[in-house]
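Reading the structure
For reference, the chains in residue letters:
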Amino acid sequence: MWVRDQLDGLWGDEDFVCWYPRDGRPGLSPAQPATVCVLQFLLNLSDRRAAEAVRCRIDFKYALAMELDDPGFHHSVLTDFRDRLSQDDRADQLLSLALDRMRRAGLVKERGRQRTDSTQVLAAARELTRLELVLEAVRAALEEAATRAPEILDELVDAEWAVRYGRPVRLPCRPSHPVTRLKQAKTDARRLLERLPPHQRGPRAEALRQIMVQNFLLDTRGTLRPRTEKDGQPKGALRIISPYDREARRAIRGNTRWSGYLVHATETCDADSRVNLITDIATTTPTRDTEALPGIHHRLRDRRLLPGQHLVDGGYVSIALLDRSARDHQVQLIGPVKASGAWQRKERTGFTRDDFTIDFDRRRVTCPNGQTSRNWIEAPAMAPYTAARFHPTQCNPCPDRPACTRGTSARTVNFLPRHLHELQALNRTDQQDRQWKQLYATRSGVEGTICELVNGHQARRSRYHGLRKTHVQHVLTGIAINIERLASRALVHAHSPRPPTAFQKYLDSRSLSWECWWRQGK
């Protein structure tokens, strides 16, 4: 209701003109299902309950600008609208429309301060063993073939196939005869793929083909056998875990293992702002955070919401991104650059690269004992690094050689080009500054937003199959959080500290000090 009163809604029908064809019968107002989808994720409602709320709740009718006697619409309209949102970049466009209204109302501004963090998302798929994966992939391909071209299955499916694939695969932790069943499953999969020409294969048949390639190998005799570690197995970033969700992947970060995706949330964190709004939501496969940052900056640029300072953790920071963000977007990326992984730094007993003096003008490097390098090799030979090599006659007689290098050859110092090297040194110097630490401490506030996404709106578990539909879920959740924060901003009451208890009053009367809890406002 606050959004309707203050912003006149987050979007209008004219914003969705390009999403619908001009011909055909008149449809519903597209702004209404868009708003209902956001309210649905705000209140964690199912499609049926959301459609019922449109019919029965007066606050829903007020938010949608509907008449009180409006009968609403069927719940399947919400499914169709989300399918439409998953096409192209329409989910991001929906978020851009909402943020544009907020920007024009002065609730969010460009060149402020923003922060970003990510968390794992579990795919809507069971954890399957290799036997279960192959069996379920064959069953999924049979279901698809029975819909597309059932005549292909007439001479293939018999009573044994009906027993094996007539229902979803559910195997105990120790299934009987696993080797024999896996051989039978690979034979069935091969026969099915041979009867399905490439032009008649749907997404599930294609998933079956990829699963067979990833899990089996065709030997010299023309027979399929399971892949082993010696044969080479695809990495987790490439391995399909479910025939129903070909984009979900297994990932490991520290001690956390999961199968699914990553969601990156970006929000404002200006010191003078009373409410922090989510400005970007990105859903990706489990890759490095550095790969998601350029896309975040491009979308923020298109929304005219680029920050002046962008606070991120070490996973998003690299020297190349520090330079690119400042050069292409004039964004100051604030985050710790990872330290070198050399053994000298890990053990803290040897000479690291920082102990060497680099003279770019004279193209030489001086070691801590005063020796200068003999060779200076630049890109493209050592791209993107520059290498300075010392001669064995300099390193072999040196008494500090065990603290410098453990190899048989002389010491080689690798470093970035001059402008990147100076940027790296500046970043590491800034990390020791007190003001930089106070500014970077603001980044930790995004953990609360991640907690709100996960615990308040169940964003950690995907409701749908596929990366695009999962992204729609996260975008709608992000808009819902913005609405919730804006509405609560207008209802903020003055803080009233908790009154002291009877015993605390007794202690005060006797001038006895007692430890105060922070919630009591002292």
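Here's a quick rundown of the structure. (Residues numbered from 1 in each chain as written. Predicted model: local features only at pLDDT ≥ 70, side-chain atom pairs only at ≥ 80, totals over all residues. Heavy atoms only, no water.)

Digging into helix α10 (residues 203-215)
The terminal C-alpha atoms of α10, which comprises 13 residues, lie 18 Å apart, in line with the 18 Å expected from a rise of 1.5 Å per residue. Buried positions along α10 lie against α7 (130-148), α9 (178-195), β2 (216-218) and β3 (224-226). (Helix = DSSP H or I, 4+ residues; strand = E, 2+ residues; numbered from the N terminus. Expected span 1.5 Å × (residues − 1). Contact = heavy atoms within 4.5 Å.)

What to know about the pairing of strand β5 (residues 256-268)
Here β5 lies mainly inside the structure; eleven of its 13 residues are buried. Sheet analysis places strand β1 (residues 113-122) next to β5, joined by nine bridges and oriented antiparallel. Each residue of the ladder has a partner; that of Q114, found in β5, is T268. Alignment of strand β4 (residues 249-253) against β5, held across five bridges, turns out to be antiparallel. Looking across to β5, one finds that I252 is bridged to R257. Hairpin connection, β4 to β5: the antiparallel pair is bridged by two residues, and G254 has positive phi, about 65°. (Buried < 20%, exposed > 50% of the residue type's maximum accessible area, 1.4 Å probe, protein only. Pairing = 2+ DSSP bridges.)

With respect to the nonpolar core
Grouped burial of nonpolar side chains is what soluble globular proteins tend to show. In this structure, L10, W11, F16, L94, M102, L476 and I479 are the most contacted members of the largest nonpolar core, which totals 65 residues. If you tally residues by element for this core, the top one is helix α18 (residues 467-489), at nine residues. Leave out the neighbours within four places in its chain, and L476 touches C37, V38, F41, R82, L85 and L94. Counting 31 residues, the second-largest nonpolar core is a separate cluster that includes A141, I152, Y165 and L192. (Core = buried A, V, L, I, M, F, W, Y, C linked by side-chain atoms within 4.5 Å.)

Remarks on the pattern of salt bridges
Per the stated rule, a full pass over the model turns up 36 salt bridges. As a salt-bridge pair, D359 and R362 come within 3.9 Å of each other at their nearest N and O atoms. Each of the salt bridges in this network shares a partner with another, and the network as a whole consists of D92, D280, R299 and R303. (Salt bridge = Lys/Arg side-chain N within 4 Å of Asp/Glu carboxyl O.)

Function cannot be read off these values alone, since they describe shape.
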